[in-house]
Structures are given as structure tokens and as C-alpha cells.
Amino acid sequence: MLSGVDHDVPDGIGMARLAWTRLPTADGEEAGPSTSAAADYELLSAAAIESLDYEVIENYAYREEQAQRSKFWVPYYVMLKWLFSLLIGVGTGLAAIFINLAVENFSGWKYTATFAIIKHSYFVGFFVYTVFNLALVFSSVYIVTNFAPAAAGSGIPEIKGYLNGVDTPGILLLRTLVGKIFGSIGSVGGGLALGKEGPLVHTGACIASLLGQGGSAKYHLNSRWVRIFESDRDRRDLVTCGCAAGVAAAFRAPVGGVLFALEEVTSWWRSHLMWRVFFTSAVVAVVVRSAMNWCNSGKCGHFGAGGFIIWDISGGQEDYSYQELFPMAIIGVIGGLLGALFNQLTLYITKWRRTYLHKKGKRVQIFEACLISLVTSTISFVLPLLRKCSPCPQLETNSGIECPHPPGTDGNFVNFYCSKDREYNDLATIFFNTQDDAIRNLFSAKTFHEYSAQSLITFLVMFYSLAVVTFGTAVPAGQFVPGIMIGSTYGRLVGMFVVKFYKKLNIEEGTYALLGAASFLGGSMRMTVSLCVIMVEITNNLQLLPLIMLVLLVSKAVGDFFNEGLYEEQARLRGIPLLDSRPKQVMRNMTAKDACKNQKVVCLPRVSRIVDIVSVLRTNKHNGFPVVDRGQNGEPLVIGLILRSHLLVLLQAKVDFQNSPFPCGPGVLNRHNFSDFVKPASSKGKSIDDIHLTEDELGLYLDLAPFLNPSPYIVPEDMSLAKVYNLFRQLGLRHIFVVPRPSRVVGLITRKDLLLEEHSNNVMAELQSTSV
Ligand code: ATP
Ligand code: MG
């Protein structure tokens, strides 16, 4: 019926043109020559990005499954959801502990060895420090380029895309999870200017998705009894819990985690989901706390000595005066400017990298990361050598701080290249240290001036440059911690100025460092509520809440004036088509028909020949096809939408093929479970090229009616595009049919028709009378 002739179908629906050419498939199989896993990943992911199916496909397998559900199904489903929330929390908490434990121990060994060696030779110490860093960074970039290309970067733009309805291949696989965990250990332990917090969000999302599908299908770790959350809809909720768990674990900030998921990553939110996300975050907080208590007794090596996840500032500034609001607003402006500049620079550099570097293969990527590691090690070791040491301040007894800190352990006042014992090197204290300790040192609220302006400016310029250059290398990398370090440096600088200016007020430089950190994150990531809560939670200082709110609002406003937020820009660069919550202004003057002008709709007849289906799938990349039948009078009638993935399942199973070119009738056998049609998260899925059919099979027929979505969403052609956008975005749709203005109306539904409880008696009576 399809081959060669134009099919007489409703207005605007053309005929599938059949040709046996090998175009890139929906899975991106054919796109571009192969260079390396990571380079391929970058090139393919944009081409292979597909939408998720949040819509319920009410085909016969679905309806049958619904009918078979016992009355215990709903309680079981709800119980399992809560159980999964618990497991996601435990899993993410444990992953965070493991990453932190490894990073802290590697860093501890590195600094212990380096401090021991520099007593004898600075040159050998430098060599050991550099080689240690290089080995860790190499392990990270090697894992990512060879094993888990989707683990590069923070993963937040991809997860944001996933929760917006776009599936980037490979982001939620087991190998990505493993690559992310071990890659983060290497890149953060290796001292690069990046953090482990963004990757933890991705780690939480991977754990959630893998739990939801009962393990990894590829490695046969897939257990059936938990495979209840197989639809993209259910998985979306689990992944949301995973994101919140990641932030909660990274910063030990449970409420911050919930708000981060709500404000930054999700596109759909329900109050039911809020409770579960909240529960998951609380579980994470308990797991992290228990592990830290256990480790505090010295069972975990270098981990636990400093309680590194928390940056409590005890004894900080408790109050503020109105005169301080102006310099604080200035910090907000600086944060907005530097944050927007960071986004712009990283955008340019990522584009340049894609065009010139990463196409050349994994060796170039490995070389690039190793070179950046060498530069970072050299700068962080050599620059503090050029600084003069300062004498230790007279600390109050019981202040809890030693000056200088004993070599080999980290903390305030590092004694590095100092001629006397009671001296410290201020630049080494922030540069030649683990990030968590450096931040604690920058936030530290003591009344004397611990850092010179010269050291802070040197650190700011060098670290900012390193963070910009390191962003986009093929290693797992988060931007939270670099952002906090950059922001707290200029915040402290402003603080020093304010202390000088307002001599009589009780001003702490550490408070300004904290506000600086908030302002840079606000200026770059453009979050407000969640960042504010995270900052309060990590510092345990509620007094500063209004000030943090002020700087965040200012920095976001200033940043928004110049460009989009970091994650939005990166998502766009990676070809992830995010849909904002609101349509563009111009859409108000366009109609649905304008959006699909000159489109020749590729559709399939209800009973299609196998050869035609194969041909349509090969020649088109589309994932959905309208299915057309003939009405009683022979007029064409659209009966639904069939998905590519469902066609592929049917072609592979072959059990529904028939000899007859006529519909199979109502007594069709159910040969499929609903779960047969489910595609694992972020997998490449089946490709038409993987399916082998004999000549005889190609000549058979398939009746598509039982498998299609009989009730896709439909809009009239003259509906404004803004309205279509809202419908599409709010319902999380993948396809909408645009049809001519309908000729008749069979009914009208109002709010009252949807309140079934009130009308259930009438409705049931009606149903009974019609069935008699
Ligand atoms: P997604 O990529 O979001 O998963 P899809 O793969 O079905 O959905 P695309 O092929 O990516 O859709 O869509 C690209 C363009 O092709 C869009 O403009 C869309 O309107 C159009 N298109 C999609 N399906 C068909 C079809 N069956 N016939 C004709 N045009 C189509
Ligand atoms: Mg597509």
C-alpha cells in the first residue's frame, strides 16, 4: 500500500518516500567517522539526543496490564517508591563518603610526603607533588576517555536536560556511574581547579536510575521484581530524588538539596514528589553524619580529621550594620560580573576545544588534562615560594588553631618555605592545600588579617584562569567549589577594605568571604533560593541569611544582564534542546501550522508491509509516525501514533507478523508485556540495523492498531504556538498532531466532569444503561 504511490490521507499528511539509503539512525549509529570514545560521544550525543516519553501510551499491552493489577498493586507501588527513596539516599550518601574518603586520603598522603621531602629538598618535593597529581589526573582522564565518556564534566546540564524531557545517550549507565566516582577521585585528588559536588549530583541521578530499572540491563544485573518504575515518568521522579541526594551529600545540606532539585534541575514538580525528595535528602544527611562520626575516631586515615564536608564558621560576625550593606551590594555586582565573564569564557573555550582539540581523539584529551595538571601543580607549588612568610599571630588560648600548622596536616597557617618555625605562608595556606581546607581557611573569621591583599589577588587571578581552562577537560568536574574559592577570595579582599574603612565596626573578613562565594555562584549559576540555603547550611550561620539573599539577588540580576546561566549555556552548547518554562514572545503571533509549514508528514497505514516499515525507519530519523486507516466510507482516518522504539520491538520479536493484508480483528492475542516496550534509561536503544529479517519476513504484514497510542494529543492548526508550547511543556509531551479545524464536537468536558466522586453514581448508571 505504501510503496511508490502517494497515499491518500488527510490534509497535510504526505507519503513516506521509500529508499534503501543508510542515513544516520535515531541512535546516531552512522554519524561521523570514529575517533575516540569521548570525541565520538561529544559528536554523537548532539545528533542522538532524543526526547523521553512521559506520555502514557495506552496501547493494548498497557490496558491489559492495568486490568490485571490486583488491589494490592497501588500500596505496593507506593511502598516501593518510598523504599527506593531510602535506597537512593543511602546509595548516594555512601558514594559521597567513598569519594571524599579517597580524595582526602590521596591528598593527605600527597601533602605528608611532600612536606616530609621538602625538609631536605624543595626540588624533589616539587617533583613528587607534581608526579602524584599527574598520576591521579591521568587515571581520571584515562577512565573517562576509554571507559565512560559521558562521565566528563559535571553532568548537571545533561541531568537538567533529562528532567526537561531530553535523553542524552549514556548519561545514566552503570559505566558512567563508575567512571564518575573514580574519575572524580582522580581529578579532585589530583588538585585540579574543579570540584566533586556537581559530579555527585550526576552520581545520585545514576544511582536512582539504575535502582529504578533494577540494575544494569547490559551487565545482567537486572532483577525483575523491582522493575516497576520502568516508564520515563517514574524514572523522572527517581532521578529528581537522586539529584537532591547528590547536593545533600556534597554539602551535607538536605534542605539545600531539595531546593536545588526544585529550582535548578527539574521542570515538573509535584507536592508528592517534594515529600519523597525531602525524605531522600534527610536519609543522606543521616548516612553522611554516621560515617563522619565513625571516621572521627581515626579509622579512616586522613579523612575525618578536619570534618571536611562542613565549613562551619564558628565565632563569625553575628550582626551587621547598615553601612555594610553598600560594600555587600558591591560584592554582589562583582559576583555578577565575574560570574557572567566565567560563563562567557568557558563557552568560548568549550567551543574552541570541540572544534580543534577533542575531534583529534582521546590521546589529545589525555595530553590536555595532563598538561593542565602540570601547570596547576607548578603554579600552586611555585607561587607560594615567592611569597614572604609572616610571623604567627598571638592567638588566644583555646582558639583551636595552631600556628603554624604541623607539616603534613592541613589547616590554617601552613608553614611552607619559611625561615622560622613560628611563621606561616599565607598564599600556601590557600593554594598549597586541599580545596576544602582552603575554603575553611578563607572563611575563617578571626579578628586579625590572616591574608595579604597581594596573596589574595595572586590567588584570585591564577585560580580564576585555571578554573576557566580546566572547565571542559575530559574529567568529571564540578564548578561549585572553584566558584566558592574564587568568590571567597574577592569577598575577603572587599572585607579587608571595609575593615580599614569602617574602623569602629566589628567586621569579620570571613563573613565577606562567605558573601563573595555566594555572589560568584549566583553570578555564574543564577540560582537564588537553593544557593542561599546551601550557603547557610554549610556554614551553620543563620544570622547571615538576609545578607546572602541580598548578594545573590544582586549578582543574579547583574549576571542575567549579560548572558544565561552556566548550565543553560552548556546545555545549549551540547545540543540539548531545553524548553524554558515560558514560550518566546514571537510565538504569540504564530500558529501551530506555521511551526510545521512545508512538512511532509511520514505516516504508516494501519496494516503495513514489513518491508515498508523497515524502509520508513531507515529513511527517517523520526521517532513517531501517525497511523492511518480507512473509515467506514473509505475516507482516511488517523487512528493514533506509533513510536519507532515500539516498531523496533515488534520487528525484532516477529511474532505479530501476518500473511494477510487485512486488520487482525478484535480477538488479537496478547503476545507482549508492557515492559517489552520499555527502553532502558539513556541507552542507545535498538537500531533498525541490528534487526535481521529474511526475504520472506519482509513480504509479511503487521497490524499496528493494537500497539499504537490511540489518543495522542491533538491541536487545531490555528492554535497559537504559544498555547501549543505551554501544552507541550506542561504535559511533558513528545509529539502533538496538528489537524484542520474539527468539523463537529462530540462533547465538552468541564471541571465538574472531572470530579468523578460527585458524579460517579450518575456516570455508573449511565454506563450500565448503555451496556445493557
Ligand atoms: P524527538 O527527537 O524529540 O525524540 P522525533 O525524533 O520524533 O522526536 P524529530 O525527527 O527529531 O522528531 O523531528 C525533527 C523534525 O521532523 C521536526 O520538525 C518534526 O516536526 C518533524 N517530524 C517528526 N516526526 C515526523 C513525521 N512522522 N513526519 C514528518 N515530519 C516529522
Ligand atoms: Mg529526533
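It should be emphasised that the depicted structure is a prediction, and the values quoted were computed from it without experimental measurement. (Residues numbered from 1 in each chain as written. Chains lettered and ligands numbered in written order. Predicted model: local features only at pLDDT ≥ 70, side-chain atom pairs only at ≥ 80, totals over all residues. Heavy atoms only, no water.)

## A word on the overall build of the chain
In terms of regular secondary structure, the chain is built from 27 helices and 11 strands. By the burial criterion, 55% of the 772 residues in the chain qualify as buried. For the chain, contacts bridging at least 24 residues in sequence account for 79% of all contacts bridging at least 6. Of the accessible surface of the chain, which amounts to about 34,000 Å², a share of 61% is contributed by carbon and sulfur atoms. (Helix = DSSP H or I, 4+ residues; strand = E, 2+ residues; numbered from the N terminus. Buried < 20%, exposed > 50% of the residue type's maximum accessible area, 1.4 Å probe, protein only. Contact = heavy atoms within 4.5 Å. Areas by Shrake-Rupley, 256 points an atom, 1.4 Å probe, with all protein chains shown as cover.)

## As for the sheet that holds strand S5 (residues 604-605)
With respect to topology, 3 strands assemble into an open sheet ordered S5-S7-S8, the strand pairing being mixed. The open sheet has two edge strands with one neighbour each: S5 and strand S8 (636-643). Relative to strand S7 (residues 624-630), S5 runs parallel, the two sharing 2 bridges. Across the sheet, residue Pro 605 finds its bridge partner in S7, namely Val 628. Contacting S5, S7 and S8, helix H23 (residues 644-653) crosses the sheet at an angle of about 80 degrees to S8. (Pairing = 2+ DSSP bridges. Axes fitted to C-alpha atoms, helices over the stretch in contact; angles between N-to-C directions.)

## So, the pattern of salt bridges
The full count for this structure, using the stated rule, is 24 salt bridges. When the shortest N-O distance is used, the salt bridge between Asp 237 and Arg 270 registers 2.9 Å. Taken together, the residues Asp 237 in helix H8 (residues 232-251) and Arg 270 in the loop between helix H9 (254-265) and helix H10 (271-299) connect sequence positions 33 residues apart. With a closest N to O distance of 2.6 Å, Arg 618 and Asp 689 form a salt bridge. Of this pair, Arg 618 sits in helix H22 (residues 610-619) while Asp 689 sits in the loop between H23 and helix H24 (695-698), placing them 71 residues apart in sequence. (Salt bridge = Lys/Arg side-chain N within 4 Å of Asp/Glu carboxyl O.)

## A short note on the site of ligand 1
Neighbouring residues of ligand 1: 14 residues in total, closest Ser 51, Gln 599, His 622, Asn 623 and His 735. Asn 623 is positioned with one of its side-chain polar atoms (N or O) 2.6 Å from an oxygen atom of ligand 1. Within the side chain of Arg 734, a nitrogen or oxygen atom sits 2.9 Å from an oxygen atom of ligand 1. Surface burial for ligand 1 is 65%, taken as the share of its 600 Å² of free accessible area covered by protein chains. Elements that contribute at least two residues to the shell around ligand 1 include exactly strand S1 (50-51) and S7. It is S7 that provides the largest number of residues to the shell around ligand 1, a total of 3 residues. (Near = heavy atom within 4 Å. Polar contact = N/O pair within 3.5 Å; in protein donor to acceptor, adjacent residues only side chain to side chain.)

## Some thoughts on the side chain of Lys 110
Secondary-structure assignment places Lys 110 in helix H3 (residues 73-118). The class for Lys 110 is buried, based on a relative accessible area of 2%. Every residue in contact with Lys 110, bar those within four places of it in the chain, is listed here: Tyr 129, Phe 132, Asn 133, Gly 189, Gly 190 and Gly 191.

## Notes on the packing of aromatic side chains
The geometry of an aromatic ring pair is captured by two quantities: the separation of the ring centres and the angle between the planes. Applying the stated criterion across every chain yields a total of 31 aromatic pairs. A centroid spacing of 6.1 Å and a plane angle of 45 degrees characterise the contact between Tyr 111 and Tyr 129, whose relative ring orientation is tilted. Residue Tyr 111 is found in helix H3, and its partner Tyr 129 is found in helix H4 (residues 122-146); the two are separated by 18 residues along the sequence. Judged by its relative accessible area of 3%, Tyr 129 is buried. Here the aromatic rings of Phe 342 and Phe 520 are separated by 5.8 Å at their centres, their planes lie at 75 degrees, and the arrangement is edge-to-face. With Phe 342 in helix H11 (residues 325-357) and Phe 520 in helix H17 (residues 509-525), this residue pair connects regions lying 178 residues apart in the sequence. For Phe 342, a relative accessible area of 3% puts it in the buried group. For Phe 520, a relative accessible area of 2% corresponds to the buried category. (Phe/Tyr/Trp six-rings, centres within 6.5 Å; stacked < 30°, edge-to-face > 60°.)

## Digging into the packing of H4 against helix H12 (residues 362-385)
Orientation of H4 relative to H12, taken along the N-to-C sense of each, is 150 degrees, at an axis distance of 9 Å. When the axis of H4 is compared with that of H12, the two are roughly antiparallel. The element H4 and its partner H12 pack so that their crossing is right-handed. When grouped by side-chain class, the residues that make up the contact of H4 with H12 number 14 nonpolar, 10 polar and 1 charged. (Parallel < 35°, antiparallel > 145°, perpendicular 65-115°, else oblique. Left-handed = near helix turned anticlockwise from the far one by under 90°. Nonpolar A, V, L, I, M, F, W, Y, C, P; charged D, E, K, R; others polar.)

## Some thoughts on helix H14 (residues 435-443)
Residues that lie three or four places apart on an α-helix share one face, since the helix turns once every 3.6 residues. Among the 9 residues of H14, 9 are classified as buried, and the element is accordingly described as predominantly covered. Buried within H14 are the following residues: Gln 435, Asp 436, Asp 437, Ala 438, Ile 439, Arg 440, Asn 441, Leu 442 and Phe 443.

## Digging into H10
Counted at 1.5 Å a residue, the expected span for H10 with its 29 residues is 42 Å, and the 41 Å between its end C-alpha atoms agrees. Two residues or fewer past H10, Gly 301 is found with a positive phi of approximately 65 degrees. (Expected span 1.5 Å × (residues − 1).)

## With respect to the confidence of the model for the chain
Mean pLDDT over the chain: 84, with 85% of residues reaching 70 or higher. Predicted confidence for residues 1-35 stays below pLDDT 50, and this span has 90 contacts to residues more than four positions away or in other chains. With pTM at 0.88, the complex prediction returns an ipTM value of 0.98. (pLDDT = per-residue confidence, 0-100.)

## Quick look at the nonpolar core
Counting 131 residues, the largest nonpolar core has Leu 172, Phe 251, Phe 480, Met 535 and Ile 548 as the members making the most contacts within it. No other element matches the 11 residues that H8 contributes to this core. When residues no more than four places from it in sequence are discounted, the contact partners of Phe 480 are Ile 156, Glu 197, Gly 198, Phe 251, Phe 260, Leu 521, Met 525, Met 527, Leu 531 and Tyr 567. Core analysis: the next-biggest nonpolar cluster, separate from the first, contains 29 residues, Val 602, Ile 613, Phe 677 and Leu 704 among them. (Core = buried A, V, L, I, M, F, W, Y, C linked by side-chain atoms within 4.5 Å.)

## Examining the state of the cysteines
Following the criterion strictly, the structure yields 1 disulfide and no others. Between Cys 243, a cysteine without a disulfide, and Cys 241, which holds the nearest cysteine sulfur, the sulfur-to-sulfur distance is 9.3 Å. Free cysteine: Cys 603, not disulfide-bonded; nearest cysteine sulfur from Cys 596 at 14 Å. In this structure Cys 603 comes out as buried when scored by relative accessible area, which is 1%. (Disulfide = S-S within 2.5 Å.)

## Considerations on a nonpolar patch on the surface
On the surface, a cluster of nonpolar side chains totalling about 400 Å² of accessible area is made up of Val 74, Val 78, Trp 82 and Trp 275. In this fold, Trp 82 is placed in helix H3. (Patch = residues over 30% accessible without salt bridge, like charges linked within 9 Å, V, L, I, M, F, W, Y side chains within 5 Å.)

## Describing the side chain of Thr 240
Secondary-structure assignment places Thr 240 in helix H8. Residue classification places Thr 240 among the buried positions, given a relative accessible area of 1%. When neighbours within four sequence positions are excluded, Thr 240 is seen to be in contact with Leu 163, Ala 261, Thr 266, Trp 269, Leu 273 and Val 277.

## Digging into the environment of Val 738
Here Val 738 is to be found in strand S11 (residues 737-739). Look at Val 738 and you get partly exposed, because its relative accessible area is 32%. Through-space distance from the C-alpha of Val 738 to that of Ile 143 is 47 Å; in sequence the pair is 595 residues apart. When neighbours within four sequence positions are excluded, Val 738 is seen to be in contact with Ala 592, Lys 593, Cys 596, Val 715 and Glu 717.

## Remarks on the pairing of S7
Where burial is concerned, most of S7 is hidden: 5 out of the 7 residues are buried. For S7 and S8, the ladder comprises 7 bridges, and the chain directions are antiparallel. Residue pairing across strands places Pro 626 opposite Leu 641, the latter belonging to S8. The hairpin turn running from S7 into S8, its antiparallel successor, is 5 residues long, and Gly 634 in that turn takes a positive phi close to 85 degrees.

## Side note on the packing of H11 against H17
Closest axis-to-axis distance for the H11/H17 pair is 7 Å, and the angle between their directions is 40 degrees. Judged by the angle between their axes, H11 and H17 are oblique. In this structure, H11 meets H17 at a crossing whose hand is right-handed. Taken together, the residues of H17 that come into contact with H11 (itself represented by Pro 327, Met 328, Ile 331, Gly 332, Gly 335, Gly 336, Leu 338, Gly 339, Ala 340, Phe 342 and Asn 343) are Tyr 512, Leu 515, Gly 516, Ser 519, Phe 520, Gly 523 and Ser 524. Here the contact of H11 with H17 is composed, by residue class, of 9 nonpolar, 9 polar and no charged.

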